[in-house]
Amino acid sequence: MGNYLLKNCAAVMVDDGAGLNARRNVDILTDGPAIKAIEPHLAETPQSVGAEVIDASGWFVYPGLVNTHHHFFQTFVRNRAELDWTKLSVLEWLDRIYPIFSQLTEDCFYHSSLTAMAELIKHGCTTALDHQYCFPRHAGKYLVDRQFEAAERLGIRYHAGRGGNTLPKSEGSTIPDAMLETTDEFLADCERLIDRYHDASPFSLRQVVISPCQPVNSYRETFVESVALARDKGVFLHTHVGEGESPVMEARHGKRTVDYLEEMGFAGPDVFYAHCWELTHTELAKLAASGTGVSHCPEPVYLVGAEVTDIPAMAALGVRVGLGCDGSASNDNSNLMHCIHSAYMLQCLVASSRSHPVPAPAEFLRFATTGSASLLGRADIGRLAPGMAADLFAIDTRRMDYVGTRHDPLSLPAKLGIGMATDLTMINGRIVWANGEFPGIDEAEMAAEAEATLATIDF
């Protein structure tokens with residue numbers, strides 16, 4: 001890790017705490033893991049001495065994107081035409097896919113994580129949470145450890161959402177016995193991972209989030225005890241909510257998911273839910289009141305055919321919103337940049353039927369940066385300003401793709417979409433992707449290793 005001077009940036013999306021604004025014709029100076037200055041003509045000042053100069057002429061520089069929901073292991077089960085959601089019911093799909101998931105080995109989890117992380121980095125993501133809830137018995141308990149190993153290899157800032165399922169299929173879940181854990185097993189491994197990896201210091205590259213998979217597939221005690229452990233250890237909580245399970249929860253427990261979780265204390269500023277497309281305005285108001293956040297995953301809306309999540313209502317009510325890719329169960333790519341565009345366009349599609357207006361395009365960039373950072377409890381990432389982590393991506397706009405768009409850099413990711421890999425991605429002051437390469441990593445070799453591991457699975 002060195003010091004870098006990005007010289008002559010065409011525009012930098014700066015947020016010094018007063019909101020995003022595009023500053024034109026400035027330089028960025030980094031100092032180790034942090035941003036030191038964003039000013040014009042820094043190359044002419046003594047503080048830039050010794051920094052490696054990078055010509056950023058024509059570049060738009062954005063804060064690194066923060067992915068708050070994914071399932072990395074599912075990258076090994078994507079682009080499967082025979083598993084097309086449009087031709088299968090949810091139960092039919094689960095019956096086909098879970099037996100495949102249950103075959104995955106420890107090496108599969110490592111290489112599928114590398115695959116997802118690499119794609120995220122190429123498209124400007126600098127921090128990622130993975131909701132890893134798949135623990136086949138034969139694969140052992142060190143799957144999250146292998147994910148941390150993969151994250152270190154690529155240099156991404158990684159929050160491990162240690163998930164799990166505890167309710168047997170015989171009692172109404174969709175989980176094969178080969179993938180079940182007991183509540184004690186699940187919590188013991190959460191505690192092990194926290195003690196070994198969780199780092200709450202500024203610019204931390206490793207954190208752990210206790211993430212029981214979903215209330216419909218776990219015992220009540222799993223959630224009650226998760227809350228107790230998380231609050232004792234000072235870590236965050238995450239789960240799936242409001243993705244079609246509420247009628248089942250009502251039948252089982254006499255209440256919908258939000259009330260069920262709030263009653264157990266699985267709500268608050270240290271909690272965020274994934275999806276939430278089926279929540280009522282009353283339930284959204286409860287999330288706003290408790291400070292519970294939402295990781296909005298727009299891509300599954302296309303494949304699952306569910307209701308378009310009411311982001312305008314969430315924004316109007318004051319719900320904290322971040323963005324997530326989700327896994328290849330319902331999104332076959334790991335491209336959070338694409339999710340910014342999808343999130344905005346989907347809201348435009350249903351704008352005439354909604355009570356609240358669609359947030360401005362720049363708000364969707366904010367959801368993927370400061371909004372997502374807030375869900376993870378991170379005040380040191382998600383913004384470009386002196387003292388913040390040097391997490392950023394840059395695109396060279398001197399291309400035909402961007403003609404006619406350069407007047408509004410803040411709206412560009414949502415309105416136009418950025419359809420190619422970044423020209424540079426930096427994480428914690430380290431360049432992890434530049435000029436179409438991962439520095440020091442042979443991408444072809446890494447891909448071949450992943451394909452060889454994938455070939456061991458019998459589809």
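Quick note: structure is the one above.
Everything numeric here is computed off the predicted structure, so don't read it as measured data. (Residues numbered from 1 in each chain as written. Predicted model: local features only at pLDDT ≥ 70, side-chain atom pairs only at ≥ 80, totals over all residues. Heavy atoms only, no water.)

Q: An account of the pattern of salt bridges is requested, with residue identities and associated values reported.
A: Should their charged atoms come close, side chains of opposite charge can pair. Tallying each qualifying case throughout the model produces 29 salt bridges. For Lys-122, the salt bridge identified is with Glu-443, shortest N-O distance 2.5 Å. One end of the pair, Lys-122, is in helix 2 (residues 106-122); the other, Glu-443, is in helix 14 (residues 443-454), with 321 residues separating them in the sequence. Look at Lys-122 and you get buried, because its relative accessible area is 19%. Several salt bridges share partner residues, and in doing so they unite Lys-141, Asp-145, Arg-162, Glu-181, Glu-185, Asp-189, Arg-192 and Arg-196 into one network. (Salt bridge = Lys/Arg side-chain N within 4 Å of Asp/Glu carboxyl O. Helix = DSSP H or I, 4+ residues; strand = E, 2+ residues; numbered from the N terminus. Buried < 20%, exposed > 50% of the residue type's maximum accessible area, 1.4 Å probe, protein only.)

Q: Please give an account of the packing of helix 2 against helix 3 (residues 143-154) that cites residues and values.
A: For any two helices packed against each other, one specifies the crossing angle of their axes together with the interaxial distance. Here helix 2 crosses helix 3 at 35°, and the two axes come no closer than 9 Å. In this structure, the crossing between helix 2 and helix 3 has a hand that is right-handed. Taking contact as the criterion, the partners of Glu-106, Asp-107, Phe-109, Tyr-110, Ser-113, Leu-114, Met-117, Ala-118 and Ile-121 in helix 2 are, on helix 3, Leu-143, Arg-146, Gln-147, Glu-149, Ala-150, Ala-151, Arg-153 and Leu-154. Considered class by class, the residues forming the contact of helix 2 with helix 3 number ten nonpolar, two polar and five charged. (Axes fitted to C-alpha atoms, helices over the stretch in contact; angles between N-to-C directions. Left-handed = near helix turned anticlockwise from the far one by under 90°. Contact = heavy atoms within 4.5 Å. Nonpolar A, V, L, I, M, F, W, Y, C, P; charged D, E, K, R; others polar.)

Q: I'd like to hear about the nonpolar core, residue by residue, with values.
A: Within the largest apolar cluster, 109 residues are counted, with the highest numbers of intra-cluster contacts made by Leu-65, Phe-101, Leu-154, Ile-210 and Tyr-273. Residue contributions to this core peak at nine residues, all from helix 2. Val-12, Ala-56, Val-61 and Ala-394 belong to the second-largest nonpolar core, a separate cluster that totals 21 residues. (Core = buried A, V, L, I, M, F, W, Y, C linked by side-chain atoms within 4.5 Å.)

Q: I'd love a proper account of helix 3, names of residues and values included.
A: With twelve residues, helix 3 ought to run about 16 Å at 1.5 Å a step, and its terminal C-alpha atoms sit 17 Å apart, in line with that. In the segment just after helix 3, Gly-155 is the residue with positive phi, at about 90°. (Expected span 1.5 Å × (residues − 1).)

Q: For the environment of Leu-410, give the residues involved together with the corresponding values.
A: As for its placement among the helices and strands, Leu-410 is situated in the loop between strand 14 (392-396) and helix 13 (412-415). C-alpha of Leu-410 to C-alpha of Arg-192: the two residues are 218 residues apart in sequence and 42 Å apart in space. Contact partners of Leu-410, with chain neighbours within four places excluded, come to Met-13, Leu-20, Asn-21, Ala-22, Ala-362 and Leu-365.

Q: Describe the pairing of strand 16 (residues 430-434), listing the residues and the values that go with them.
A: A large share of strand 16 lies buried, amounting to four of its five residues. Where strand 15 (residues 424-427) hands over to strand 16, the hairpin turn is made up of two residues, of which Asn-428 adopts a positive phi near 60°. (Pairing = 2+ DSSP bridges.)

Q: Give a description of the side chain of His-111 that names residues and reports values.
A: In this fold, His-111 is placed in helix 2. Taking the relative accessible area as the measure of exposure, His-111 reaches 9% and is therefore buried. With near-sequence residues (within four places) excluded, His-111 lies in contact with Phe-76, Glu-449, Ala-450 and Thr-453.

Q: An account of a nonpolar patch on the surface is needed here, citing residue identities and associated values.
A: On the surface, Tyr-302, Leu-303 and Val-304 cluster together into a nonpolar patch covering about 250 Å² of accessible area. As for its placement among the helices and strands, Tyr-302 is situated in helix 9 (residues 299-304). Residue Tyr-302 is classed as partly exposed on the basis of its relative accessible area, which comes to 49%. (Patch = residues over 30% accessible without salt bridge, like charges linked within 9 Å, V, L, I, M, F, W, Y side chains within 5 Å. Areas by Shrake-Rupley, 256 points an atom, 1.4 Å probe, with all protein chains shown as cover.)

Q: Describe the environment of Val-208, and please don't skip the residues or the numbers.
A: By secondary structure assignment, the location of Val-208 is in strand 9 (residues 206-210). Distance in space between the C-alpha atoms of Val-208 and Tyr-158 is 8.6 Å, their sequence separation being 50 residues. Residues in contact with Val-208, not counting those within four places in the same chain, are Phe-148, Ala-160, Leu-193, Ile-194, Tyr-197, His-198, Val-235 and Phe-236.

Q: Help me get a handle on unusual backbone geometry, residues and values and all.
A: Phi is positive for His-41, which is not a glycine, with a value near 60°. Mapped onto the elements, His-41 comes out in the loop between strand 3 (34-39) and strand 4 (52-55). Although it is not a glycine, Asn-435 sits at a positive phi angle of roughly 55°. When you line up the elements, Asn-435 lands in the loop between strand 16 and helix 14.

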